[in-house]
Each structure stands twice: as structure tokens, then as C-alpha cells.
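Residue strings, one per chain:
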Amino acid sequence: MKNISILGSTGSIGTQTLEIVRANDDLNVVAIAAGSNITKLEEQIREFHPELVCVFHMDAAAKLKTAVADLNVKIVAGMEGLIEAAVYDKAEMVVTAFVGMIGIRPTLEAMKAGKDIALANKETLVTAGHLVMQAAKDYGVKILPVDSEHSAIFQSLNGENPGEIDKILLTASGGPFRGKTRAQMKNVRVEDALKHPNWSMGRKITIDSATMVNKGLEVIEAKWLFGVALKDIQVVVQPQSLIHSMVQFKDGAIIAQLGTPDMKLPIQYALYYPERKFLAGERVDFGKISQITFENPDTENFRGLALAYQAATAGGSMPTVFNAANERAVAKFLDRKIGFLEITDIIEYCMEQHKVVDNPSVEQILEIEQATYGLIEGRW
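The text that follows walks through the structure, step by step, so that each part is easy to find. (Residues numbered from 1 in each chain as written. Predicted model: local features only at pLDDT ≥ 70, side-chain atom pairs only at ≥ 80, totals over all residues. Heavy atoms only, no water.)

Looking at the pairing of strand β8 (residues 165-172)
Then step 1. For β8, the buried fraction is high: six of the eight residues fall into the buried class.
Then step 2. Direction of pairing for β8 relative to strand β10 (residues 243-249): antiparallel, over a ladder of four bridges. Paired with Lys-167 across the bridge in β10 is Gln-248.
Then step 3. Pairing of β8 with strand β9 (residues 233-237), which is carried by five bridges, proceeds in the parallel orientation. Paired with Thr-171 across the two strands is Val-236, which belongs to β9. (Buried < 20%, exposed > 50% of the residue type's maximum accessible area, 1.4 Å probe, protein only. Helix = DSSP H or I, 4+ residues; strand = E, 2+ residues; numbered from the N terminus. Pairing = 2+ DSSP bridges.)

Okay, structure coming up:
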């Protein structure tokens, strides 16, 4: 029996993680955390019986406490509660599925407490990769990637010497607007941007896919996870989303991981690594596949990817600015306060205004996040 804690249990990754728990009797959920969706949380509490539940927003936590007063469950709130769920003594692994930089402190505290991390919160590595990777070494814990692309790279490296990597080939679907120009995307609506052609994901990450900012975040994440230079990470557009990523080695051999676009596969692989368990679902039928195609990414019309490489090259605190600016810009787009193309305009503006801080601490990272938000609110 493996005891797990899920941070972000009501979101896309969190609910799919619970689907895997539902299908396997050797997984046990001891702690869960979410932002404010107490309706979904109550359902999860009554089905999975966690001992500890964090609701980030205080008012919602009070309401949930009343709703589940008949159950033996501890309800906590705020960042302290989130950290309590992350370090819960009975948990062996923590699934970090919160969206945004809110995941940094709980992830680091979980690692200090000796918990292995199933990492779905890419912002943690993007903004604090230097701290997270050092913590993994210091506390002897595993970081198991849940992103489909990073899981694919991780799987492709099984049994291989990481020192013999020549290049990481990070695949991208191209999103719903692949092939379109900026002029054609000028009047994109929220509903259009949320229609991803292949994957079922949360709203924020779906918008990130449409701008290709998500792929930029994944480039930075791959740099930290696999210890490779930026120049050795190549983004390849693979519209069918069958090849989830590849690794090219020094001898020219390429190993790829293929499968249907289903996030439950990388989630389950992280939960059970190194074991592979049965997973119900559709299988790839090569007899029905007419072609698998590849393209170079369009960084002129999808500037988010180019800006990510700029941020990663600058290093230090610049990826924090890139990430924070994107978070706030996407929120404004989803609230219909800015246009689609303004997302990358905002990111670029914030990066231009920032003076890089080398090796920032957690406190500095969070201060820079807030300063970036302030910069945006003062102009948009």
C-alpha cells in the first residue's frame, strides 16, 4: 500500500490521479488540498477518506469544516495548511498538481520531509529549479515528472546513461492555432483558445498551449530535470500528439515514447515507478495511423516560446518574471480583460523592465512574482 498526498486534488491532474486511485486498491490517499472548490472536495473526502484536507481560502475552509462535521477529518487552511498536507507524516509521495507558483514552498517542504515528488507543478522548477534540484540531492528524494513530455523523456532514458544525451526532442502539438499568423489570431476568443485539438487539460494550461508559452515552460523544466544545456533542447511540433517526446544520443540513436494523449499514463507511471501497471483506455492502433508528421515551431507568430528561451538564457530571476507575467496575463485573458495577443506582449514588457537577480531565494522569487503582478496592474 502506498500512501499519497495530492496538492490540487480538484483540478485536472488531481481528479485524474484520483481516478487512478479508484482503479487500484494499493494506493491510499491520506491528504488532499485544493483552492476553494469545497463541493468537489466534500465529494472527494466522502469517497477517499483522507485524514487531512487543506482548503487554501480561509472562508471556504470554514464552510467545508461544517459540511463534513460528521466525518473524522482534519480541515486546515492557508499556506500553513498546504505545507501541512505536503509534509503529512503518513504520506510517502506528494503529487504536486497545483497550478502556479503557490506550489514552490509546499514542494520544497515536502522534499525536506523526505517525500518523493510526483511533479505536475511546472512553475516550481521554472522559477526555483536551482533550489528544487539541490533539495532532491540534499534529502535523497525522487522527482518523478508528471508532464507527459517530461515523463516521456524520463521513460526514454530508462537504462541509459544521461551523460550520453546529445539532444532532447521536446514535442508539441502546436495547439489550436497552429499555422495561423498573428493577424489571424488578433480576435481570438476565450472559447476558441480553450479548444485544444488533442489534450483534455485545465483552463490555464490550455491557454498556455495555445500561446506555446507552455512549451517554453517545459523547455526550462527539462533543463533542470535532465541537467542539459538549453542548446541541447529542441522543440519539435508533432500535431498528432502520438510521440510525447524523444531523446537523441551521441551515437545518433533516438528513443521515443509513444501513446495516446492521456494524462493518466504519466500520472500512473510516476505513482508506481519503476513498476508498470495495467491502465484501462484506448490503445494506439498503428494500422489506422496514416502518418505522423513533424514541423519546426513558429516562434515568430507564437512568441511565447522564443521569450521562454530568452528568459532561460538570462537565468536567475528572469524565468520567474516570465512565469508570473504569463500567469497574470492568462488570468486577464480568461476574464476577457485583454486580447489573446496581449498575453505575450505583457510577458515581453515585464521581462524588459526586470533586472536579473542571480540565484534568488524563495523569498526573493515570491517578491519578484508580486512585483511583476504590480507592474502589470499599473499598465493593463
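Notes on the sheet that holds β8
Then step 1. The sheet built from four strands is open, its strands ordered β9-β8-β10-β11 with mixed pairing. The strands lining the two open edges of the sheet, one partner per strand, are β9 and β11 (254-258). Between one strand axis and the next, the sheet turns by 20° as a mean value, whatever way the strands run.
Then step 2. In this structure, β10 lies alongside β11, joined through five bridges in antiparallel fashion. Bridge assignment links Ser-245 to a residue of β11, and that residue is Gln-257.
Then step 3. The strands touched by helix α7 (residues 148-156) are β8, β10 and β11; relative to β10, the strand with the most contacts, the crossing angle is about 40°. (Axes fitted to C-alpha atoms, helices over the stretch in contact; angles between N-to-C directions. Contact = heavy atoms within 4.5 Å.)

A short note on the pairing of strand β1 (residues 2-7)
Then step 1. Within β1, five of the six residues are buried, which leaves it mostly tucked inside the rest of the structure.
Then step 2. Relative to strand β2 (residues 27-34), β1 runs parallel, the two being bridged by six bridges. The partner of Ile-6 across the bridge, within β2, is Ile-32.
Then step 3. Following the backbone out of β1, through helix α1 (residues 12-23) and into the adjacent parallel β2, one traces a crossover that is right-handed.
Then step 4. For β1 and strand β5 (residues 93-96), the ladder comprises four bridges, and the chain directions are parallel. From the neighbouring strand, Ile-4 faces β5, where its bridge partner is Met-93. (Right-handed = clockwise from strand over helix to strand, strands pointing away.)

Some details on the pattern of salt bridges
A side chain of one charge can pair with a side chain of the opposite charge when the charged atoms of the two come close.
Then step 1. Under the definition given, this model contains 25 salt bridges.
Then step 2. Put simply, Lys-264 and Glu-19 hold a salt bridge, and the shortest N to O gap is 3.5 Å. Linking Lys-264 in helix α11 (residues 264-272) with Glu-19 in helix α1, this pair joins segments that are 245 residues apart in sequence.
Then step 3. Owing to a relative accessible area of 34%, Glu-19 belongs among the partly exposed residues under this scheme.
Then step 4. Asp-147 is the partner of Lys-122 in a salt bridge, and the nearest nitrogen-oxygen pair spans 3.3 Å. Here the residue Lys-122 occupies a position in helix α6 (residues 122-139), and Asp-147 occupies one in the loop between β7 (143-145) and α7, the gap between them amounting to 25 residues. (Salt bridge = Lys/Arg side-chain N within 4 Å of Asp/Glu carboxyl O.)

Let's talk about unusual backbone geometry
Then step 1. In this structure, Pro-274 follows Tyr-273 across a cis peptide bond, with omega equal to 5°.
Then step 2. Within the secondary structure layout, Pro-274 lies in the loop between α11 and α12 (303-314).
Then step 3. A positive phi is found at Met-212, a non-glycine position, where the angle reads about 70°.
Then step 4. Relative to the helices and strands, Met-212 is located in the loop between α9 (203-211) and α10 (213-226).

Everything listed here is a matter of geometry and, on its own, says nothing about what the molecule does.
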